[in-house]
Amino acid sequence: MTTVLHDMTVAELAAGLKAKTFSATEVAQHFVGRAQGDQTGSFLALNPETTLAQAKASDARIAAGQAGALEGVPLGHKDIFVTQDFPTTAGSKMLEGYRSPFDATLVRRLAEAGMVTVGKLSCDEFAMGSGNENCAYGPVKNPWDTSRVPGGSSGGSAAAIAARIVPAATGTDTGGSIRQPASFCGITGIKPTYGRASRYGMIAYASSLDQGGPMARTAQDCALLLSAMCGPDADRDSTSLDVPAEDFTASLNADLKGLRIGIPKEFFGEGLGADVRAAVDGALAELTRLGATLVPISLPRTELSIPVYYIIAPAEASSNLSRFDGVKFGHRAKDYTDLESMYKKSRAEGFGSEVKRRIMTGTYVLSHGYYDAYYLQAQKIRRMIADDFQNAFQQCDVIAGPVAPKVAWKLGENANDPVADYLADIFTLPASLAGLPGMSVPAGFGAHNMPVGLQLIGNYFKEAQLLNVAHRLQQATDFHLRKPEGI
Amino acid sequence: MSLTSQDIDRIANLARLTLQSAEAERMREQINGFFSIVEAMQAVDTTGIEPMAHPVAAIQDVQLRLREDVVNEPNNREANQQSAPAVERGLFLVPKVIE
């Protein structure tokens, strides 16, 4: 036993637990201790008593020979997933102290697989942001450079994994919120096809885009978690698809010989940083050495995905967030004169500025006289963007490119310019709008020695293929094994 | 297109948000800044294109799922009200709305 627990992958921890090399309680104690000493600000809630009770139950199941697939392996949940045993805030003052009466489906499924919850992880308020700087409880620091953002909105999840505080975490991706923080923190994350993993209990931001998925250090670990997360949730999520769960580890080692990787020219234009490009090109060269061929393709509406996304997502957000009215849950203002002033003041006090901006934008584009010009037009272009991908997949099996134009920026750098954050989402938004599975896999390092991710986009339900490509790349490279200094 | 401060007041009212004047002005500038990138969308010819609501509809017909209209939740009032700002005798309290 030479590897310390926090350097182990999910697969290694699961194997060690099954072999009784260490107990779930020992593992939980170790990771709770790391979470208590966290310097990144990744955690919004810890509850060691609950975590250790879950671990004890895992130990009992292991002793009784009833261990689940991931029995005793710890993880953190993005604070956008509601949990009975931990408070849930969605990174907002609006939900300070909120306790959910139920667990999100993904939380429940991972618990049924045996996983033990270490705590709740920071995120941008209601998942609205690209740097985790919009969290009402303070920003999260990137473990690779604590003066930089971890990415967002699943920034706490990515930072905690990079800092070896948890081996895995849940994230959610609406416009890139799993892939971009994974890229910025040098870890691996996958967003499955929209509708494959239940949205029940995931606090809604933009319902036609929101999709939960796993984040971890390796593609193999993501495959293990995703296998437990997917599958229909017929009674709880009306957009959940009738696509059965799958063992995503089955084809991890498949040969890449003959694989056609589409390279969209729009992802490699002048907006792309030379440092990011060099790392991405390096990873692509590695994939060609493994037998893949690169095929030039075009996704002509890539740039349009920015306005289309930032119309559709705020429109849906303005509707979803109307539930926060200070009546059934959430913040209520102290002083008000009547019901309407109670609504208005409670919402003004509870929401942060980015959330208000998106509610305002969404309310406007859905308002009388503007709906056709903005929301409907955006939904039509959304179909054209999805069709562009189907055309591209005639010529290739997977699509690859950068996740973001640049490496993680400095905390506060975009504070007065929300549009700067929006523009940086350009490479993740197209797959989100099309509902396609996408992932980020460590590809190297760029400026300031910050991590760079390679984005892989697959056709609908081709998660296993993405994980296969990522796994083979990780067998040939060691970027996913590198550690930030001082960790 | 450029939103005026009256537009911002009207939208804030629809969104049930109180905005202080400095906040409203900053909001106006930022939203107008955003709409400068929306203009590109207006130039796209979308004649005959069906709007897309469920993304997987790009490859297959997706019906939103319906379930039987039967009670499938236990009565869980206490847990459901545990995070309510004001509750009395199992009821949510709000300011008087009917005189």
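Some words on the overall build of chain A
If you tally the helices and strands in chain A, you get 15 helices and 11 strands. The C-alpha radius of gyration of chain A comes to 21 Å, within 12% of the 23 Å expected for a compact globule of 487 residues. Seen through its principal axes, chain A has C-alpha atoms that stretch 65 × 55 × 45 Å. Counting over 487 residues, chain A shows a buried share of 63%. When contacts within chain A are restricted to residue pairs at least 6 apart in sequence, those whose partners lie at least 24 apart make up 76%.

So, the overall build of chain B
Per the secondary structure count, chain B includes three helices and two strands. Beginning at the N terminus, the succession of helices and strands in chain B can be written as α-α-α-β-β. Rg of the C-alpha trace for chain B: 23 Å, well past the compact-globule value of 13 Å for 99 residues, more than 25% over. Looking at chain B as a whole, 17% of its 99 residues qualify as buried.

Some words on the interface of chain B and chain A
Opposite the 45 residues of chain B that make contact, chain A presents 60 residues. Among the elements of the structure, α1 (5-14), α2 (21-42) and α3 (77-81) of chain B are those that each provide at least two residues to the side of chain B that touches chain A. The dominant element in the side of chain B that touches chain A, judged by the number of residues it contributes, is α2 of chain B, at nine residues. For the side of chain B that touches chain A, the residue count by class is 31 nonpolar, 10 polar and four charged.

What to know about the packing of helix α7 (residues 219-229) of chain A against helix α15 (residues 463-476) of chain A
Residue and element names in this part refer to chain A. It is at 8 Å that the axes of α7 and α15 come closest, and there the two elements cross at 155 degrees. Relative to α15, the element α7 lies roughly antiparallel. Across the interface between the two elements, Ala219, Gln220, Cys222, Ala223 and Leu226 from α7 touch Glu463, Leu467, Ala470, His471 and Gln474 from α15.

A word on the confidence of the model for chain B
All names here are of chain B. On average, chain B scores 91 in pLDDT, and the residues at 70 or more come to 99%. Looking over chain B, one finds the lowest element-wise mean pLDDT in α2, namely 93, and the highest in α1, namely 97. Of the two predicted TM-score estimates for the complex, the pTM is 0.97 and the ipTM is 0.95.

What to know about α2 of chain B
Taking 1.5 Å of rise per residue, the 22 residues of α2 of chain B would be expected to cover 32 Å, and the 31 Å separating its terminal C-alpha atoms lies within 8% of that figure. Buried within α2 of chain B we find Met27, Arg28, Ile31, Phe34, Val38 and Met41 of chain B. Where α2 of chain B is buried, its residues touch α9 (305-320), α11 (353-366), α12 (372-392) and α13 (418-423) of chain A together with α1 of chain B.

Some remarks on the pairing of strand β8 (residues 293-297) of chain A
Residue and element names in this part refer to chain A. Sheet analysis places strand β7 (residues 260-264) next to β8, joined by five bridges and oriented parallel. Paired with Pro264 across the bridge in β8 is Ile297. Regarding the hand of the β-α-β motif, the stretch spanning β7, helix α8 (residues 274-289) and β8 is right-handed.

Considering the environment of Ala14 of chain A
All names here are of chain A. Secondary-structure assignment places Ala14 in helix α1 (residues 10-18). Residues Ala14 and Ala69, 55 residues apart in the sequence, show an inter-C-alpha distance of 7.7 Å. Leave out the neighbours within four places in its chain, and Ala14 touches Leu70 and Val73.

Some points on unusual backbone geometry
Residues and elements named next belong to chain A. Omega for the bond connecting Gly152 with Ser153 falls within 30 degrees of zero, at 10 degrees, which places this linkage in the cis form. Inspection of the secondary structure puts Ser153 in the loop between β3 (116-121) and α5 (155-162). One non-glycine residue, Ala127, adopts positive backbone phi at about 65 degrees. Along the chain, Ala127 falls in the loop between β3 and α5. Residue classification places Ala127 among the buried positions, given that 30 C-beta atoms sit within 10 Å. In this structure, His448 is a non-glycine residue whose phi angle is positive, near 60 degrees.

Points about α1 of chain A
One turn of the α-helix equals 3.6 residues, which is why residues spaced by three or four share an orientation. All names here are of chain A. The complete set of buried residues in α1 reads Val10, Leu13, Ala14, Gly16 and Leu17. One face of α1 carries all of its buried residues, which in axial projection span an arc of 165 degrees. The secondary structure elements touched by the buried residues of α1 are α2 (24-36), α3 (48-63), β4 (168-173), β6 (211-216) and α7.

Some points on the environment of Arg383 of chain A
Along the chain, Arg383 of chain A turns up in helix α12. A C-alpha to C-alpha distance of 19 Å links Arg383 of chain A and Leu241 of chain A, two positions 142 residues apart in sequence. Discounting residues that sit within four places of it in the chain, Arg383 of chain A has contacts with Ile49, Glu50, Pro51, Met52 and Ala58 of chain B.

Describing the packing of helix α4 (residues 105-112) of chain A against α7 of chain A
Each packed pair of helices is defined by two parameters, the angle between the axes and the distance between the axes. Residue and element names in this part refer to chain A. Two elements in contact, α4 and α7, have axes separated by 8 Å at closest approach and are oriented at 115 degrees. Put simply, α4 runs roughly perpendicular to α7. As for how α4 packs across α7, the hand of that crossing is right-handed. In this structure, α4 uses Leu106, Arg109 and Leu110 to contact α7, whose residues at the interface are Leu225, Ala228 and Met229.

Considering the environment of Arg89 of chain B
Looking at the element boundaries, Arg89 of chain B is found in the loop between β1 (87-88) and β2 (91-92). For Arg89 of chain B and Asn72 of chain B, which are 17 residues apart along the polypeptide, the C-alpha to C-alpha distance reads 24 Å.

What counts as what
- The numbering scheme is per chain: residues are counted from 1 as the chain's sequence reads.
- Chains and ligands are labelled sequentially in the order written, the chains with letters from A and the ligands with numbers from 1.
- In keeping with the model being predicted, local features are shown solely for residues with a pLDDT of at least 70 and side-chain atom pairs are shown and tallied solely at 80 or more, while totals for entire chains, interfaces and linings include all residues.
- Secondary structure elements are defined from DSSP: runs of H or I of at least 4 residues count as helices, runs of E of at least 2 residues count as strands, and each element is numbered from the N terminus.
- The globule rule is 2.2 Å times the number of residues to the power 0.38, and the radius of gyration it is compared with is taken over C-alpha atoms.
- To assign burial, the other C-beta atoms lying within 10 Å of each residue's own C-beta are counted, with C-beta atoms placed from the backbone; 20 or more indicates buried, 12 or fewer indicates exposed, and intermediate counts indicate partly exposed.
- We call two residues in contact whenever the C-beta atoms placed from their backbones are within 7 Å.
- Asp, Glu, Lys and Arg are counted as charged, while Ala, Val, Leu, Ile, Met, Phe, Trp, Tyr, Cys and Pro are counted as nonpolar; the rest, among them Gly, fall into the polar class.
- Angles shown run from 0 to 180 degrees and are taken between the N-to-C directions of axes, each axis being a line fitted to C-alpha atoms and, for helices, limited to the stretch in contact.
- We call two directions roughly parallel when the angle between them is under 35 degrees, roughly antiparallel when it is over 145, roughly perpendicular when it lies between 65 and 115, and oblique otherwise.
- As a per-residue measure, pLDDT tells how confident the predictor is, with possible values from 0 to 100.
- By this rule, a helix spans an expected 1.5 Å times one less than how many residues it contains.
- For two strands to be treated as a pair, DSSP must find no fewer than two bridges joining them.
- We call a crossover right-handed when, viewed with the strands running away from us, the connection from the first strand over the helix to the second turns clockwise.
- The directions considered for the arc are those from the helix axis to the C-beta atoms.
- The handedness criterion is simple: a crossing whose near helix is rotated anticlockwise from the far helix by less than a right angle is left-handed, and one whose near helix is rotated clockwise is right-handed.

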